[in-house]
Amino acid sequence: MVQVVVRDNNVEQALRALKKKIQREGIFREMKLRQNYEKPSQKRVREEAESKSRARKLERKRIERDGF
């Protein structure tokens, strides 16, 4: 459960903090995925693509860090 404390009646600051927390936890992404039914085959393809993307990103970071 995500909680944000409102200090000095500063709702705008609390709203920004809430949005950051929700973004970090992936709730926006989860809501977007659940808006429509996703067939199992589409889900498998999407997850494979995400996995490949993560692997490429990690490889880029490793190359950048090691200098190859």
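**Q** What's the story with the overall build of the protein chain in this structure? I'm lost.
**A** Summing up its helical and strand segments, the protein chain has 3 helices and 0 strands in all. Taken from N to C terminus, the helices and strands of the protein chain fall in the order α-α-α. For 68 residues, the compact-globule estimate of 2.2 N^0.38 gives 11 Å, and the protein chain exceeds it by more than 25% at 18 Å. Taking the principal axes of the C-alpha coordinates as reference, the protein chain spans close to 50 × 40 × 15 Å.

**Q** Help me out: how do you make sense of the pattern of salt bridges in this one?
**A** Working definition: two side chains of opposite charge can pair if their charged atoms are close together. By the definition in use, this model includes 7 salt bridges. One salt bridge in this structure joins Glu30 and Arg34, with 2.5 Å as the shortest N-O distance. Note that Glu30 and Arg34 are positioned in helix H2 (residues 27-34) at a spacing of 4 residues, about one turn of the helix. A salt bridge links Asp66 to Arg65, with the nearest nitrogen and oxygen atoms 3.5 Å apart. Looking at Arg65, the relative accessible area reads 63%, which means it is exposed.

**Q** Explain unusual backbone geometry here, please?
**A** Both trends apply: most residues other than glycine have a negative phi, and most peptide bonds are in trans. Of note, Asp8 is a non-glycine position whose phi angle comes to about 55°, a positive value. When you line up the elements, Asp8 lands in the segment before helix H1 (11-25). The class for Asp8 is exposed, based on a relative accessible area of 78%. Of note, the phi angle at Asn9 is positive, near 55°, even though the residue is not glycine. Along the chain, Asn9 falls in the segment before H1. On the basis of relative accessibility, which here comes to 73%, the residue Asn9 falls in the exposed class.

**Q** Looking at this structure, how should I read a positive patch on the surface?
**A** Side chains of Lys52, Arg56, Lys57, Arg60 and Lys61 sit close together on the surface and give a patch of like positive charge. The residue Lys61 is located in helix H3 (residues 40-66) in this model.

What counts and what doesn't
- Residues numbered from 1 in each chain as written.
- Predicted model: local features only at pLDDT ≥ 70, side-chain atom pairs only at ≥ 80, totals over all residues.
- Heavy atoms only, no water.
- Helix = DSSP H or I, 4+ residues; strand = E, 2+ residues; numbered from the N terminus.
- Rg over C-alpha atoms; globule rule 2.2 N^0.38 Å.
- Salt bridge = Lys/Arg side-chain N within 4 Å of Asp/Glu carboxyl O.
- Buried < 20%, exposed > 50% of the residue type's maximum accessible area, 1.4 Å probe, protein only.
- Patch = residues over 30% accessible without salt bridge, like charges linked within 9 Å, V, L, I, M, F, W, Y side chains within 5 Å.
- Areas by Shrake-Rupley, 256 points an atom, 1.4 Å probe, with all protein chains shown as cover.
- Lys, Arg positive; Asp, Glu negative; His and termini not counted.
- Charge placed at Lys NZ, Arg CZ, Asp CG, Glu CD.

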